[in-house]
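# Summary of the model geometry
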Amino acid sequence: MPAIDLIIRQGTLVLPDQLLLGDLAIAAGQIVAIAPTLNDSGATELDASGLHVIPGLIDAHVHFDEPGRTAWEGFASGSRAIALGGGTTYFDMPLNAHPPTIDAASFDQKLAAARVASQTDFALWGGLIPGNLADLPALAARGVIGFKAFMSTTGTSDFPAADDLTLYAGMAEAAPLGLLVAVHAENDALTAALAQRAIKAGQLTMRDYLRSRPIVAELEAIGRAITFAADTGCRLHIVHVSSGRGVALVAEARARGVDVSCETCAHYLYFTEEDAERLGAVAKCAPPLRAQAEQDALWAQIAAGNLPIVTSDHSPAPPTMKTGADYFAIWGGIAGCQSTLAALLTANERGRQLPLPQLISLISAQVADRFNLPTKGRIARGLDADLALVDLNATSTLAAADLAYRHQLSPYVDQHLQGRVVRTILRGQTIQENGQPMGPPRGQLLTPARHH
């Protein structure tokens with residue numbers, strides 16, 4: 001065993017199936033020992049008494065907009081926000097960057113930018129759009145974490161939605177590559193027609209926008225994607241599911257043998273449509289925030305084990321794109337990757353009462369499992385020492401100035417949140433301490449263990 005570099009003493013370790021008050025030893029970037037007490041090794045020691053030690057968060061769904069749209073975010077600011085929130089890994093989506101990540105050249109361009117600036121480890125999604133089917137094998141060879149397709153309009157002209165033939169053919173191409181296809185599942189014909197009807201009638205409020213994206217549009221698209229995946233043998237992942245009924249469709253398909261999973265976002269578990277009306281543009285997203293009953297149903301699906309992953313879908317934009325009286329014209333995206341852990345802890349504290357290991361697995365172990373990252377996501381011997389030290393009892397009101405984003409816009413501003421991340425450790429190195437970034441960017445590209 002290599003010489004121990006660091007011992008974290010007497011923290012409450014959040015293991016996959018239990019809490020353990022004890023010590024954790026790190027050597028050469030990996031966890032090498034866990035015990036109630038470890039002998040003095042002469043290594044550097046860190047007192048974690050009173051703190052919980054959790055696996056570093058893995059956010060499987062962010063838009064950091066680099067290259068090409070760094071006026072919106074960027075790897076430096078985005079990854080710093082991830083680290084401040086206890087995260088050690090993110091998966092960057094292919095769109096909102098310009099060029100989008102749809103072929104080998106655009107992947108290489110994005111990778112070069114991330115390597116220079118990312119504070120945390122990262123994986124890169126490839127895009128599935130009309131016309132790029134021939135590029136999918138090259139993207140797979142580069143190490144994309146999966147392929148992302150939109151079943152509805154994207155908001156950016158350089159990343160068009162996948163029509164049914166593109167999606168079906170793309171799934172057939174992805175299946176032998178062993179990679180997931182992730183879909184934004186909303187029925188575009190339905191939502192576009194409802195939006196046009198509202199706009200024509202001059203109905204432009206947040207409530208009108210919410211009405212234009214009903215749950216049935218999500219359910220129909222989820223069902224269609226599942227049908228295509230079942231026929232092609234493709235591994236399917238439904239992103240940002242906003243309704244319990246959507247999760248139920250996925251669970252039923254999985255029970256039939258379809259290789260399908262889903263995620264929801266912290267904002268669906270924390271905010272409701274009433275919050276959307278109160279907060280306005282910062283809370284506009286697609287699918288939109290839903291009624292309290294839908295939020296309750298999502299939490300019930302998590303408790304039942306049917307909803308294994310929570311992400312941020314961090315989708316920022318400059319303030320000029322998040323203002324105005326026309327809610328159909330305002331950019332639809334929530335900036336939230338820094339607050340995912342705090343939002344989950346807070347919502348859970350408000351009466352959900354999931355056991356802490358199960359709650360934390362939604363943003364760590366279960367993400368690593370689904371996306372085939374075997375060295376990530378758990379506190380266990382032999383795995384990467386990606387950790388966050390958290391004071392679960394600390395509470396604070398989030399101020400805009402606390403945010404590391406390029407634009408300090410977020411619906412979580414002014415929210416009273418549970419938990420304070422005291423330190424974030426990536427592969428044994430502290431990358432954030434008490435809100436301050438530490439050391440140079442150390443992020444490395446993660447590629448999935450191939451799944452055949």
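The structure reproduced in this document is the subject of the present report.

### Some points on the overall build of the protein chain
For the protein chain, the count of helices and strands is 14 helices and 18 strands. Relative to the globule expectation of 22 Å for 452 residues, the C-alpha radius of gyration of the protein chain, 21 Å, shows essentially globular dimensions. The C-alpha extent of the protein chain, read off along each of the three principal axes, is 70 × 45 × 40 Å. At a minimum sequence separation of 6, the contacts of the protein chain that also span at least 24 residues come to 74%. Entry remark: accessible area of the protein chain is about 16000 Å², with carbon and sulfur atoms responsible for 53%. Of the side-chain charges in the protein chain, 33 are positive and 44 negative, and the distance between the mean point of each set is 2 Å.

### Digging into the sheet that holds strand β14 (residues 309-311)
Across a sheet, paired strands are connected by hydrogen bonds in the backbone, their directions being either parallel or antiparallel. Spatially, six strands are ordered β9-β10-β11-β12-β13-β14 in an open sheet, and the strand pairing comes out parallel. Both edges of this open sheet fall to β9 (126-127) and β14, since each of them pairs with a single strand only. Two strands pair when backbone bridges link them, and strand β12 (residues 235-238) and strand β13 (residues 260-265) are joined in this way by three bridges, in the parallel orientation. Of the residues in β13, the one forming a bridge with L236 is V260.

### Quick notes on the packing of helix α8 (residues 244-255) against helix α11 (residues 292-303)
Closest axis-to-axis distance for the α8/α11 pair is 8 Å, and the angle between their directions is 30°. Judged by the inter-axis angle, α8 sits roughly parallel to α11. Between α8 and α11, the contacting residues are G244, R245, V247 and A248 on the first element and E294, A297, L298 and Q301 on the second. Class assignment for the residues of the contact of α8 with α11 results in four nonpolar, two polar and two charged.

### Side note on the pairing of strand β1 (residues 6-14)
Counting buried positions along β1 yields eight of nine residues, so the element is predominantly enclosed. Pairing of β1 with strand β4 (residues 44-47) involves four bridges; the strand directions are parallel. Following the sheet pairing, R9 is matched in β4 by D47. Pairing of β1 with strand β2 (residues 19-27), which is carried by seven bridges, proceeds in the antiparallel orientation. Across the sheet, the residue bridging to G11 is G22, located in β2. Where β1 folds back onto β2 in an antiparallel hairpin, the turn is made up of four residues. Strand direction decides the pairing type here: β1 and strand β5 (residues 52-55), joined by two bridges, are parallel. Looking at β5, one finds that L13 is bridged to V53.

### Comments concerning helix α1 (residues 75-84)
The element α1 is largely enclosed, with a buried count of eight among its ten residues. Taken residue by residue, α1 has F75, S77, G78, S79, A81, I82, A83 and L84 as its buried positions. Packing partners of the buried residues in α1 comprise β6 (57-62), β7 (87-92), α2 (104-117), β16 (416-426), β17 (429-433) and β18 (436-437). At the C-terminal side of α1, G86 shows a positive phi close to 90°.

### Observations regarding unusual backbone geometry
Outside of glycine, negative phi angles account for most residues, and trans bonds account for most peptide bonds. Residue P67 follows E66 across a cis peptide bond; omega there is 0°. Take P67: it is sitting in the loop between β6 and α1. In this structure, P287 follows A286 across a cis peptide bond, with omega equal to -10°. Within the fold, P287 resides in the loop between α10 (273-279) and α11. We note that H240 has phi near 30°; this positive angle belongs to a residue other than glycine. Relative to the assigned elements, H240 resides in the loop between β12 and α8. Given a relative accessible area of 2%, H240 falls into the buried group.

### Looking at the pairing of strand β11 (residues 180-184)
The side chains of a regular strand alternate, first on one face of the sheet and then on the other. Summarising burial for β11: five of the five residues are buried, a large majority. Along β11, one buried face is formed by L180, A182 and H184 and the opposite face, lined by V181 and V183, is buried too. In terms of strand pairing, strand β10 (residues 146-150) meets β11 through five bridges, oriented parallel. Across the sheet, residue F147 finds its bridge partner in β11, namely V181. For the crossover that starts at β10, traverses helix α4 (residues 164-177) and ends in the parallel β11, the hand is right-handed. Here β11 runs beside β12; their pairing, made up of four bridges, is parallel. Looking at β12, one finds that A182 is bridged to H237.

### With respect to the layout of surface pockets
Estimates place the volume of the largest pocket at around 620 Å³. Those elements that place two or more of their residues in the lining of the largest pocket are β10 and α5 (188-200). Looking at the lining of the largest pocket, the element that brings in the most residues is α5, giving six residues. When grouped by side-chain class, the residues that make up the lining of the largest pocket number 13 nonpolar, 15 polar and five charged. In this structure, the second largest pocket spans a volume of roughly 430 Å³. For the second largest pocket, the lining is made up of 20 residues, of which L84, Q338, L398, R420 and V421 are closest to its centre. Listed by contribution, the elements that provide at least two residues to the lining of the second largest pocket are α1, α12 (340-352), β15 (387-397) and β16. When residues in the lining of the second largest pocket are grouped by element, the largest group, four residues, is from β16. Class assignment for the residues of the lining of the second largest pocket results in eight nonpolar, nine polar and three charged.

Conventions used here
Residues numbered from 1 in each chain as written. Predicted model: local features only at pLDDT ≥ 70, side-chain atom pairs only at ≥ 80, totals over all residues. Heavy atoms only, no water. Helix = DSSP H or I, 4+ residues; strand = E, 2+ residues; numbered from the N terminus. Rg over C-alpha atoms; globule rule 2.2 N^0.38 Å. Contact = heavy atoms within 4.5 Å. Areas by Shrake-Rupley, 256 points an atom, 1.4 Å probe, with all protein chains shown as cover. Lys, Arg positive; Asp, Glu negative; His and termini not counted. Charge placed at Lys NZ, Arg CZ, Asp CG, Glu CD. Pairing = 2+ DSSP bridges. Axes fitted to C-alpha atoms, helices over the stretch in contact; angles between N-to-C directions. Parallel < 35°, antiparallel > 145°, perpendicular 65-115°, else oblique. Nonpolar A, V, L, I, M, F, W, Y, C, P; charged D, E, K, R; others polar. Buried < 20%, exposed > 50% of the residue type's maximum accessible area, 1.4 Å probe, protein only. Right-handed = clockwise from strand over helix to strand, strands pointing away. 1 Å grid on protein atoms, 1.4 Å probe; cavity = no way out; pocket = protein on both sides within 12 Å on 5 of 7 lines; lining within 4 Å. Points joined across faces, edges and corners; volume = space filled by probe spheres on them.

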